[in-house]
Amino acid sequence: MSAWNRIRSEFKRFLEQDRGVSAQTLRLHLFYLDGWVAWLWRRIRDAKQLRPQHIDAYLAAQRPRRGGSSLRALAGTLRVFLRFLRLRGILSRDLSALVVAPREYALQHVPRFLTADQVRALLARIDSSMPVGLRDQAMVALMLGLGLRRCEVAALRLNDLDLRAGGLRVPPAKGAHARSTALTPFEAEPIQSYLRIRPSGGTDDRLFLRLVGRRRLEGISPSQISYRIRRTLRAA
């Protein structure tokens, strides 16, 4: 391990002196590096023997054991370390581009399909005694009942809604055209309950609002919708 220990010490100095990373970032890089070096040492004794297959095999072994955020942090450390090895002339080419971190989507853990019982259980977990709960119920009903995406729900405005005719205009999103759709009681009733308590008098005409500070109102964002749904799913 003496050769690897020497490289680790040089990498540590590189991070501290050349990159100027914080103490917390340094600890994180060294934590992930130590795991990889221990794995590599059982396979190769010299860093010059490092090959793309070693990168692929290590990441494949780590995927079942780590969550998405941990894998992305690990991938970041490997990239920095591989660039360092190329910079020092230990590797003849930069292998950092071969480290592929997993992509994570805002609602990737949300089930693709829900049964009727699951839908009722999900809506029941939302506290409808609070204004924010009535808003969330209406948003979830639109997403479940009509299949609206979070960006489409966030873009809805008051004049897109026609409860008397039982219709909804869905604004264009991600290059798609605006479309109109009919509302069923499943979507219309939560929306009506929300509209009774929706704050009025503000300048933002988006359908779904959030309170900013104590007084200012603004439309809810897609990322905030994702957060509210994740929170509801964890409670369900």
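In this report, the structure presented in the accompanying data block is examined. None of the values given here were measured: they were computed from a predicted structure. (Residues numbered from 1 in each chain as written. Predicted model: local features only at pLDDT ≥ 70, side-chain atom pairs only at ≥ 80, totals over all residues. Heavy atoms only, no water.)

Turning next to the overall build of the chain. Within the chain, the secondary structure is distributed over 9 helices and 5 strands. Each helix and strand of the chain, placed in order from N terminus to C terminus, yields the pattern α-α-α-α-α-α-α-β-β-β-α-β-β-α. Considering only contacts in the chain between residues 6 or more positions apart, those separated by 24 or more positions represent 55%. Total accessible area on the chain stands at roughly 14,100 Å², and carbon and sulfur atoms take up 50% of it. (Helix = DSSP H or I, 4+ residues; strand = E, 2+ residues; numbered from the N terminus. Contact = heavy atoms within 4.5 Å. Areas by Shrake-Rupley, 256 points an atom, 1.4 Å probe, with all protein chains shown as cover.)

With that out of the way, let us pick up the packing of helix α2 (residues 23-41) against helix α4 (residues 68-87). In the contact formed by α2 and α4, the axes pass within 9 Å of each other and the chain directions differ by 85°. When the axes of α2 and α4 are compared, the pair comes out roughly perpendicular. From α2, L28, H29, Y32, L33 and W36 reach across to α4, where they touch S70, A73, L74, G76, T77, L78, V80, F81 and L82. Taken together, the residues of the contact of α2 with α4 sort by class into 10 nonpolar, 4 polar and no charged. (Axes fitted to C-alpha atoms, helices over the stretch in contact; angles between N-to-C directions. Parallel < 35°, antiparallel > 145°, perpendicular 65-115°, else oblique. Nonpolar A, V, L, I, M, F, W, Y, C, P; charged D, E, K, R; others polar.)

Quick look at α4 now. The end-to-end C-alpha distance of α4 is 29 Å, a good match for the 28 Å that 20 residues give at a rise of 1.5 Å each. Its buried side turned inward, α4 meets α1 (2-19), α2 and α3 (52-62). Downstream of α4 by one or two residues, G89 has phi in the positive range, about 80°. (Expected span 1.5 Å × (residues − 1).)

If you trace the backbone, V99 turns up in the loop between α4 and α5 (116-124). When the C-alpha positions of V99 and A75 are compared, they lie 6.1 Å apart, and in sequence the two are 24 residues distant. Other than its neighbours up to four places away in sequence, V99 contacts I55, L59, A75, L78, R79 and L82.

Right, let's talk about the nonpolar core for a bit. The biggest cluster of nonpolar side chains holds 32 residues, and the ones touching the most others in it are F11, W36, F81, L82 and L85. Secondary-structure elements contributing two or more residues to this core are α1, α2, α3 and α4. Examining the composition of this core, we find that 9 residues originate from one element, α4, more than from any other. Grouped together as the second largest cluster of nonpolar side chains are 21 residues, M139, L183, I220 and I225 included. (Core = buried A, V, L, I, M, F, W, Y, C linked by side-chain atoms within 4.5 Å. Buried < 20%, exposed > 50% of the residue type's maximum accessible area, 1.4 Å probe, protein only.)

Attention now goes to the side chain of E187. As for its placement among the helices and strands, E187 is situated in helix α8 (residues 185-197). Look at E187: it is buried, it has no salt bridge, and the nearest opposite charge is R179 at 11 Å. Discounting chain neighbours no more than four positions away, the residues touching E187 are A141, L142, G145, L146 and A182. (Lys, Arg positive; Asp, Glu negative; His and termini not counted. Salt bridge = Lys/Arg side-chain N within 4 Å of Asp/Glu carboxyl O.)

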